[in-house]
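Commentary on secondary and tertiary structure
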Amino acid sequence: GEVTTDGADIKIKTKGGLEIKTADDKYSMKIGGRVQWDYNYAELNGEADEDDLNIRRARIYAKGDVGEDWSYKAQFNIGNSNGGTPEDLYITYNGWGKAAKVTVGKQRVVFGLEDFTSSNDITALERSGITEQYGVARQDSIRLHGQVGMVNYSVSAYEDGAAAGDDDFGLSGRIAVVPVQDDDMLIHLGLGYTERGGDRSATGIEFAANFGSFHVQSEFFDEDQGTESRDGYYAQAGWIITGETRPYKDGKFKRVKPGSSDGAWEVFVRLEEGDGNHSDIELGRVDASAYTFGVNYYANNNVRIGMNYSDGDSNEAGSTDSGEEFRLRLQLTF
Amino acid sequence: GEVTTDGADIKIKTKGGLEIKTADDKYSMKIGGRVQWDYNYAELNGEADEDDLNIRRARIYAKGDVGEDWSYKAQFNIGNSNGGTPEDLYITYNGWGKAAKVTVGKQRVVFGLEDFTSSNDITALERSGITEQYGVARQDSIRLHGQVGMVNYSVSAYEDGAAAGDDDFGLSGRIAVVPVQDDDMLIHLGLGYTERGGDRSATGIEFAANFGSFHVQSEFFDEDQGTESRDGYYAQAGWIITGETRPYKDGKFKRVKPGSSDGAWEVFVRLEEGDGNHSDIELGRVDASAYTFGVNYYANNNVRIGMNYSDGDSNEAGSTDSGEEFRLRLQLTF
Amino acid sequence: GEVTTDGADIKIKTKGGLEIKTADDKYSMKIGGRVQWDYNYAELNGEADEDDLNIRRARIYAKGDVGEDWSYKAQFNIGNSNGGTPEDLYITYNGWGKAAKVTVGKQRVVFGLEDFTSSNDITALERSGITEQYGVARQDSIRLHGQVGMVNYSVSAYEDGAAAGDDDFGLSGRIAVVPVQDDDMLIHLGLGYTERGGDRSATGIEFAANFGSFHVQSEFFDEDQGTESRDGYYAQAGWIITGETRPYKDGKFKRVKPGSSDGAWEVFVRLEEGDGNHSDIELGRVDASAYTFGVNYYANNNVRIGMNYSDGDSNEAGSTDSGEEFRLRLQLTF
């Protein structure tokens, strides 16, 4: 039978989800999601703390355009322990073009490269303990953001879900520049600043680069909270054995797209040191040194299998705590 | 590439959501939703009680037709505090045509015009404290309803979620008549009756009208509960500055559709007086007098920005409580 | 207007939900769900325990194929008391074909015919108290399963949600054979085995058959848990008055599809006896004897109305408990 429409011409597509849009680009809807199943095994001081098959993330989203100037995204969790909660829930005004958009609602507060990168697209299976400490994650917020030439910027004002009462106002900004971007090489530099919780202020510095199928990424954070001071950094290097290049778009990296139907293979190593939230290796919020190495297999654009091993030691005075984690993930996006 | 179907011809459409139906009208599905972000600031006796950016409503729904005689709607909440709960969840038998449909499941119990009108479509951002007191809202129920000429009727039998134990049976009916409906003028009259909770019975009277781009709406309710008696009313008047007319369909109003790509502007004022649930202006369930005025900007059929200011005083003996609220909303439906 | 696609040719369809797939069968998505509204009235020893209109199940799912080798299903609950929780949430590797698939995630552990059959498709409105006792239901699991000629098999390793701490490992397997399958007759034989919770092991035997529009189905289970031992069986016989045959596919039965637009009618009776979870008739986990009879009306492929009456007596020493239930269901799938 025939498929037609009563209005403007329509384009549709499926890559496991659904995309529909009018040919005049005025209206669209996309439905998609992610499922991440993990087996993880973690030890603290040689004693097993975790040994689980569990759903790491399960989300479904709808997003779309309504008219020329407005768009939305509604993404919600459907996993075991967080089912029904919203992850993204925002409305964007695009009327001024790509250089200046305003987004209102629950959304990521951009402060740091690894934090801004989707969990589908980060190289390691889990973000570093450094990002976990300094990243602001998602907040009910108003955000001005845009892309102007090689510059990507974002400024967020938010109600800080991690702060109490009258001190719950937060302000975060980040600027990323890509001075070099061609087929062989990409250089990314970033700078971020956050004020939140009445007495917390943090600065972040980002460096990342692609040299063909090699890529490096590092971030340093420094935070003052009242009379306390914290800092930490991570540095990561990866190699895509099958020769693909790590994709980059609008101030952040995307996951590797295999160049052949055999899939793509990637190996990486990450070092981190300093005050962080090292809970993946069971150390918690301490000053620690840790390393992670792992391998990713990208079966196609939708399926990724990853395996990581992490090991770290507390640097706190008097502590000899040592933790490690093995993690295996099956990830499917649609 | 080509898009075809193996069965009956198909029509599809997007206005930010998705509509698909067979050309023979036997089967269909529609996916859509709403996102309402509010900033609200409220004071009780001059002291700030609320000062928040928060998600007022976030919902996604699927609805459709299965065969000639049956249809369904499943709408669920994805907001912060109510994520995962159903809002509408019902099955309708349409086999007798528009004059008599039977709907089983969680659905709105129709009793009152403002209560029946979608939160996307009401003129003020929040329903009056009078409607909040007497409206029955959604209940697990069986409903007989239909449209016969100028008459729209609804009768619901339900398990009253607000009542306890053996007294949880409720029965509500409402009839609406539109004696005049042409391009210049529309007159709506309505009458409702509710028995619930063993000892509660309420009557409601509705009047509403369009005179070109002017519209008025008023409801009066009277309720007896055991030896107690309550009553209250609201009256509202609005003007669509850009000249559009307030749409009306099947016993209730819809939101303004802008006649040009510049959008539509509307101003309104609402007075209310009597026993109500005046919690928006922080007074709670008391006898109060209040007014609201506001402005709506309908950017297109999907996006509305509204701003309201409300002020009211308690009429309870001995009380000098006074409350007010400012509310700003960004609403997107898809 | 025209509907086209930029990539591979596409087929779409609606039967109240949505199906979209590429003509080369590489990518697809399907959105669907179920709504089951029940009125049920139950008595224990002649005293009314339940008298409710309530949502029995409400679910929405997305499932699809991503590339040639991978597929997923994400089904979540949207009912009153379980909204937001996942029901199915899994990823399947299909690269070896129909004979051997591997599925990772939250999914049904196959052990028993009635347990494996969808709640949309079982003959009675509720599964027998025997199945409720011995079935393993859904678990976070890894499953190897497939169809080879007349044989359907499944082996699941899982974290047993019903078991505590270190004893939460479970292993279940089931094999089903269909030695006879033609237009007039179908014979199904099945055998299952489960080890779980450290000290629990169970065996199940299945027999089912179609003789034209008559069908029978029976299962026997025997379980040892530590020093305790349990067993029980049910036997069910049905007749599709309007002459249709009960459909069967891949190791389980599907619900009756009416052969005419007048719908299909079915009557059935079920006997059960032994240690079970007889909570539908208010007896709980005891040794009991019970019978159920009922009638199903399949209005079309999407809508079913069913009515059941069940009555049973405890066989526990010294107990004279007797329970009964009347249940009426309106079910719509899309």
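Residues numbered from 1 in each chain as written. Chains lettered and ligands numbered in written order. Predicted model: local features only at pLDDT ≥ 70, side-chain atom pairs only at ≥ 80, totals over all residues. Heavy atoms only, no water.

A separate point is the interface of chain A and chain B. Each partner contributes to the interface: chain A provides 37 residues, whereas chain B provides 40 residues. Here chain A meets chain B over a buried area of about 3,200 Å², counting both sides, of which 70% is carbon and sulfur. Taken as a group, Val3(A), Trp70(A) and Ile91(A) account for 18% of the area that chain A buries against chain B, more than any other trio of residues on that side. At the boundary of chain A and chain B, one finds one salt bridge. The salt bridge partner of Lys11(B) is Asp6(A), with a shortest N-O separation of 3.1 Å. (Contact = heavy atoms within 4.5 Å. Buried area = accessible area lost by both parts, 1.4 Å probe. Salt bridge = Lys/Arg side-chain N within 4 Å of Asp/Glu carboxyl O.)

Turning to the relation of the copies chain C and chain B, a few remarks are in order. Overlaying chain C on chain B yields an RMSD of 0.0 Å, the required transformation being a rotation through 120 degrees with an accompanying axial translation of 0.0 Å. Here the transformation between the copies is reduced to the relation of a three-fold axis. Minimal C-alpha separation from the rotation axis in chain C is found for Gly84(C), amounting to 2.4 Å. (Least-squares fit on C-alpha atoms with pLDDT ≥ 70 in both.)

Often, the extent of an interface is quoted as the loss of accessible area upon association of its parts. Tallying the contact residues gives 39 residues for chain C and 37 residues for chain B. Its largest share of buried area at the contact with chain B, chain C owes to Ile12(C), Trp37(C) and Leu53(C), together 19% of the area lost on that side. Inspection of the chain C/chain B interface yields twelve residue pairs in polar contact (both at pLDDT 80 or more). Breaking the side of chain C that touches chain B down by element, the ones donating at least two residues are strand 1 (3-4), strand 2 (10-13), strand 4 (27-44), strand 5 (47-66), strand 20 (303-314) and strand 21 (322-333) of chain C. The dominant element in the side of chain C that touches chain B, judged by the number of residues it contributes, is strand 5 of chain C, at six residues. Grouping the constituent residues of the side of chain C that touches chain B by class yields 19 nonpolar, 14 polar and six charged. (Polar contact = N/O pair within 3.5 Å; in protein donor to acceptor, adjacent residues only side chain to side chain. Helix = DSSP H or I, 4+ residues; strand = E, 2+ residues; numbered from the N terminus. Nonpolar A, V, L, I, M, F, W, Y, C, P; charged D, E, K, R; others polar.)

Residues and elements named next belong to chain A. Sheet topology places strand 11 (residues 169-181) next to strand 12 (residues 185-196); ten bridges connect them, and they run antiparallel. By the bridge assignment for strand 12, Gly 173 is matched with Tyr 193. Where strand 11 folds back on strand 12, the antiparallel hairpin that results is connected by three residues. Where strand 12 meets strand 13 (residues 200-211), twelve bridges bridge the pair, whose relative direction is antiparallel. Bridging from a neighbouring strand, Leu 189 pairs with Phe 207 of strand 13. Hairpin remark: strand 12 followed by strand 13, antiparallel, with three residues in the connecting loop; positive phi at Gly 197, about 60 degrees. (Pairing = 2+ DSSP bridges.)

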